[in-house]
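Descriptive analysis of the structure
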Amino acid sequence: MKIRETPTAEAGMLIRRPVADVFEAFVDPAITTKFWFTHGSDKLDSGKEISWEWRMYGVSTTVNVSEIVDNKKIVMQWSDPPTTVVWTFAEMPGGTTFVEVRNFGFVGSPDEQVKQAIGSTGGFALVLAGAKAWLEQGVMLGLIGDRHPKGVPGN
């Protein structure tokens, strides 16, 4: 089977909070750690290189922010080899926000690229669900930490 389009991970979620609150939750590690990674070295800003850690897994990544448009968009590169992640924030009626994320630029064989895109889609879906729970209800679901618990075969 041949791939006709480059694999891209995509996820989206309506979050019932104003766009400024939702955008800030993804830019400020003091908030993002409530639903995604465990430590961030600084707030996201254009031209910055940031470190994110998932201490429960003993892993980290460098995030290079190439573009920030307040309350609208975040463009960054991360991982090794790097892929591009584009976050968009759309202000919706009733003080709500639709967040979309696209991750692309995977490398390797076509099968490896598809596997990476599928994994990334699942991961970003969990991030958005966790963000929704935190921002709407103040509940930390622990979705990322529970995704690969120790003792599960293959983890």
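Definitions and cut-offs
- Residues numbered from 1 in each chain as written.
- Predicted model: local features only at pLDDT ≥ 70, side-chain atom pairs only at ≥ 80, totals over all residues.
- Heavy atoms only, no water.
- Helix = DSSP H or I, 4+ residues; strand = E, 2+ residues; numbered from the N terminus.
- Buried < 20%, exposed > 50% of the residue type's maximum accessible area, 1.4 Å probe, protein only.
- Pairing = 2+ DSSP bridges.

A few words now on the environment of Phe 23. Topologically, Phe 23 is positioned in helix α1 (residues 19-27). When the C-alpha positions of Phe 23 and Trp 54 are compared, they lie 21 Å apart, and in sequence the two are 31 residues distant.

Note that the residue after Asp 80, namely Pro 81, is joined by a cis bond; omega there is 5°. Phi at Asn 71 is positive, roughly 65°, even though this residue is not glycine. Mapped onto the fold, Asn 71 is located in the loop between β4 (59-69) and β5 (73-78). Backbone geometry at Ser 79 places phi at a positive 80°, although glycine is not the residue there. Relative to the assigned elements, Ser 79 resides in the loop between β5 and β6 (83-92). Classification of Ser 79 as partly exposed rests on a relative accessible area of 39%.

We now examine the pairing of β5. With five bridges joining them, β4 and β5 adopt antiparallel strand pairing. Across the sheet, residue Glu 67 finds its bridge partner in β5, namely Val 75. Between β4 and β5, which pair antiparallel one after the other, the connecting turn spans three residues, and Asn 71 there sits at a positive phi close to 65°. Summarising the sheet, β5 and β6 pair through six bridges and their orientation is antiparallel. Bridging from a neighbouring strand, Val 75 pairs with Val 86 of β6. In this antiparallel pair of consecutive strands, β5 and β6, the connection spans four residues, and Ser 79 shows a positive phi of 80°.

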